[in-house]
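Structural characterization, general
These are the residues of each chain, in order.
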Amino acid sequence: MKQLRIVVSSTRPGRIGPKVAEWVASQAPTSEWEVELLDLSSLPFFDEEDMPRNGNYAKPHTKDWASKVFESDAIVVVTPQYNRSFPAPIKNAIDYLFAEWDAKPIALVGYGWSGASDATADLTKVLEHVKADVVGATGLVFTQDVSPAGDLDVTDERRAELGALLDALAAKVDEPVGATA
Ligand SMILES: Cc1cc2nc3c(=O)[nH]c(=O)nc-3n(C[C@H](O)[C@H](O)[C@H](O)COP(=O)(O)O)c2cc1C
């Protein structure tokens, strides 16, 4: 089974991120994926002394987070849009690590009034900087796919987009090591 981790980027009480993450989880075929939701609420503000690129992690929460990312075969990041970008906790979580992101297949699922398109575009840029393999993004649009309260009634179009992203992640995982495009 392939290990899929779904990261919830927001941490505020009452956030709708977990509902979006549950929907993403429900779309991942159980014959292919073993899914775990990851919550960033307990990850403190970046507090390692050494540079992440040295991999010399000292804190238990850094080691735990590094293991979660390293042991995943693929990741879906669900993100809202805060002030035209992604919320701070996901940047903090990315900044903690370095080597663990290298070639990691990642798909992005935004949610918001514009489907969080600015947030997913910015997140793509940051994740590509740490050499993650971003396969693409989709965005649930408020009132079309999800209500601002987090009630989901996702359109066929968005559902198909997520299906294609999950297929792309699965293809990356199945790719022989060292394969080039
Ligand atoms: C600080 C803050 C800034 C926001 N800025 C935007 C924005 O720029 N564009 C947008 O479409 N929605 C914006 N929203 C609305 C969020 O997309 C919406 O509240 C969403 O549910 C937040 O995700 P969460 O419930 O997982 O925290 C903002 C919300 C917050 C709390």
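Remember, it's a predicted structure, so these values are computed and weren't measured experimentally. (Residues numbered from 1 in each chain as written. Predicted model: local features only at pLDDT ≥ 70, side-chain atom pairs only at ≥ 80, totals over all residues. Heavy atoms only, no water.)

1. Quick notes on the site of the ligand
What surrounds the ligand is a group of 13 residues, the closest being Ser10, Arg12, Ile16, Tyr82 and Tyr111. Within the contact set of the ligand, an oxygen atom lies 3.2 Å away from a backbone nitrogen or oxygen of glycine 17. For the ligand, an oxygen atom lies 2.9 Å from a polar atom in the backbone of arginine 84. In isolation the ligand offers 620 Å² of accessible surface; the protein chains occlude 72% of this area. (Near = heavy atom within 4 Å. Polar contact = N/O pair within 3.5 Å; in protein donor to acceptor, adjacent residues only side chain to side chain. Areas by Shrake-Rupley, 256 points an atom, 1.4 Å probe, with all protein chains shown as cover.)

2. Quick word on the packing of aromatic side chains
For any pair of aromatic rings, the description consists of the separation of the ring centres together with the inter-plane angle of the planes. Evaluated as defined, the whole model comprises 3 aromatic pairs. Judged by centre distance (6.2 Å) and plane angle (65°), the ring pair of tryptophan 65 and tryptophan 101 falls under edge-to-face. Placement of the pair is tryptophan 65 in helix α2 (residues 60-71) and tryptophan 101 in the loop between α3 (88-95) and β4 (105-112), with a sequence separation of 36 residues. Classification of tryptophan 101 as buried rests on a relative accessible area of 4%. (Phe/Tyr/Trp six-rings, centres within 6.5 Å; stacked < 30°, edge-to-face > 60°. Helix = DSSP H or I, 4+ residues; strand = E, 2+ residues; numbered from the N terminus. Buried < 20%, exposed > 50% of the residue type's maximum accessible area, 1.4 Å probe, protein only.)

3. Re the UniProt feature "domain: NADPH-dependent FMN reductase-like" (unreviewed entry) in the chain
UniProt tags residues 6-141 as "domain: NADPH-dependent FMN reductase-like" (unreviewed entry). The straight-line gap between the two end C-alpha atoms of residues 6-141 is 19 Å; of that span, 32% is helix and 25% is strand. (UniProt positions renumbered as here; feature names shortened; annotations may be inferred.)

4. Quick notes on unusual backbone geometry
Backbone geometry places arginine 84, a non-glycine residue, at a positive phi of 65°. Its location among the elements puts arginine 84 in the loop between β3 (74-80) and α3.

5. Some remarks on the sheet that holds strand β5 (residues 133-141)
Sheet architecture is open: 5 strands sit in the order β2-β1-β3-β4-β5, paired in parallel fashion. Edge positions in the sheet fall to β2 (33-39) and β5, since each has one partner strand and no second. Geometrically, the sheet is characterised by an average inter-axis angle of 20° between neighbouring strands, direction not taken into account. As defined by bridge partners, β4 adjoins β5 across 8 bridges and the pair is classed as parallel. The partner of proline 105 across the bridge, within β5, is aspartate 133. Along the sheet, helix α4 (residues 117-129) contacts β3, β4 and β5; its crossing angle with β4, the most-contacted strand, is approximately 155°. Sheet strands in contact with helix α5 (residues 156-174) are β1 (2-8), β2, β3, β4 and β5, and its direction is about 165° off that of β5. (Pairing = 2+ DSSP bridges. Axes fitted to C-alpha atoms, helices over the stretch in contact; angles between N-to-C directions. Contact = heavy atoms within 4.5 Å.)

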